[in-house]
Amino acid sequence: MGNKENNNTSEEFVIIENNWFIKARIAGAIPWIMFCLIVCFVLLCISHDDPLKELYRKGGIGFTLCGAFILIFDNIKLIQKIKKMPLVAKIYDNYIEYDFYDANGNKKRYKMDLNNANITYSNKPVLGKFPSPDDINFTDIFIRPVACCIRFVENLVFKILNRFCEKKYIIFEKNGFHLSLEDNKKISNYFNDIKFNEFTKGYFLIGSIKFNKEEENA
């Protein structure tokens, strides 16, 4: 755990905007939008004499187009929400209150106790819970190549949105749940002597963000 200055009381806090979150949500949606459009294009390029197969083809075109438009529309709505009410993290002496939007577009606040929390840094922000290498089963071996491709596109889009600027993120982890804050002058003096987090290289930007009700402070 990084060393944190103890001159703050629990009533004092530092506010940091979670500017990276919307970029991560967009980056996470792009691979699936691309997948929908590629499948749609393939279906448009083929045709069937069989009426039933042709019906399935048209249905597939409609399904993939709807999927792409839903993803685009959801992200536009999320951008509008964040513009009206920016996401912030409040760093207190012993805990963090962290705002984010869940998969349903609902604003949530997660409270993490910093006592015994693992604090590291990375050049990639992450949020949520991620499977441990020990939890990988036989099915995951076949899914892994697809996941690697999706993660590659996601990371590339995120870098493009960041204009390929290398940034440092402070990673907070406790009980398997990760939070990230972009490093800046407000918090650089709070956390020092922390190690690089190697595991984040293999994570998606946003993992599972389900947690117990007692952990939620919305």
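For the structure, check the block above.
Residues numbered from 1 in each chain as written. Predicted model: local features only at pLDDT ≥ 70, side-chain atom pairs only at ≥ 80, totals over all residues. Heavy atoms only, no water.

J.: I'd love a proper account of the sheet that holds strand S4 (residues 107-113), names of residues and values included.
T.: Spatially, four strands are ordered S1-S2-S3-S4 in an open sheet, and the strand pairing comes out antiparallel. Looking at the sheet topology across the chains shown, the edges are occupied by strand S1 (14-17) and S4. Taking the axes of each pair of neighbouring strands and ignoring which way they run, one obtains an average angle of 20 degrees across the sheet. As judged from the three bridges shared by strand S2 (residues 88-91) and strand S3 (residues 95-101), these two strands associate in the antiparallel manner. Note that in S3 the partner of Ile91 across the bridge is Ile96. (Pairing = 2+ DSSP bridges. Helix = DSSP H or I, 4+ residues; strand = E, 2+ residues; numbered from the N terminus. Axes fitted to C-alpha atoms, helices over the stretch in contact; angles between N-to-C directions.)

J.: I'd like a rundown of the packing of aromatic side chains, residues and numbers included.
T.: Two measures describe an aromatic ring pair: the distance that separates the ring centres and the angle between the ring planes. Under the defined criterion, the tally for this structure stands at six aromatic pairs. Residues Trp20 and Phe21 carry aromatic rings whose centres are separated by 6.2 Å and whose planes lie at 70 degrees to one another, so their mutual orientation is edge-to-face. Accessibility assignment for this pair places Trp20 and Phe21 in one class, buried. Relative to Phe177, the ring of Tyr110 lies with its centre 4.2 Å away and its plane at 15 degrees, an arrangement referred to as stacked. Of this pair, Tyr110 sits in strand S4 while Phe177 sits in strand S8 (residues 177-182), and the two are 67 residues apart along the sequence. Accessibility classification places Tyr110 together with Phe177 in one group, the buried group. Directly above the aromatic system of Tyr95 lies the positively charged group of Lys111, at a separation of 4.4 Å from the ring centroid. Sitting over the face of the ring of Tyr121, Lys168 holds its NZ or CZ atom 4.8 Å from the ring centroid. (Phe/Tyr/Trp six-rings, centres within 6.5 Å; stacked < 30°, edge-to-face > 60°. Buried < 20%, exposed > 50% of the residue type's maximum accessible area, 1.4 Å probe, protein only. Lys NZ or Arg CZ within 6 Å of the ring centre and 35° of its normal.)

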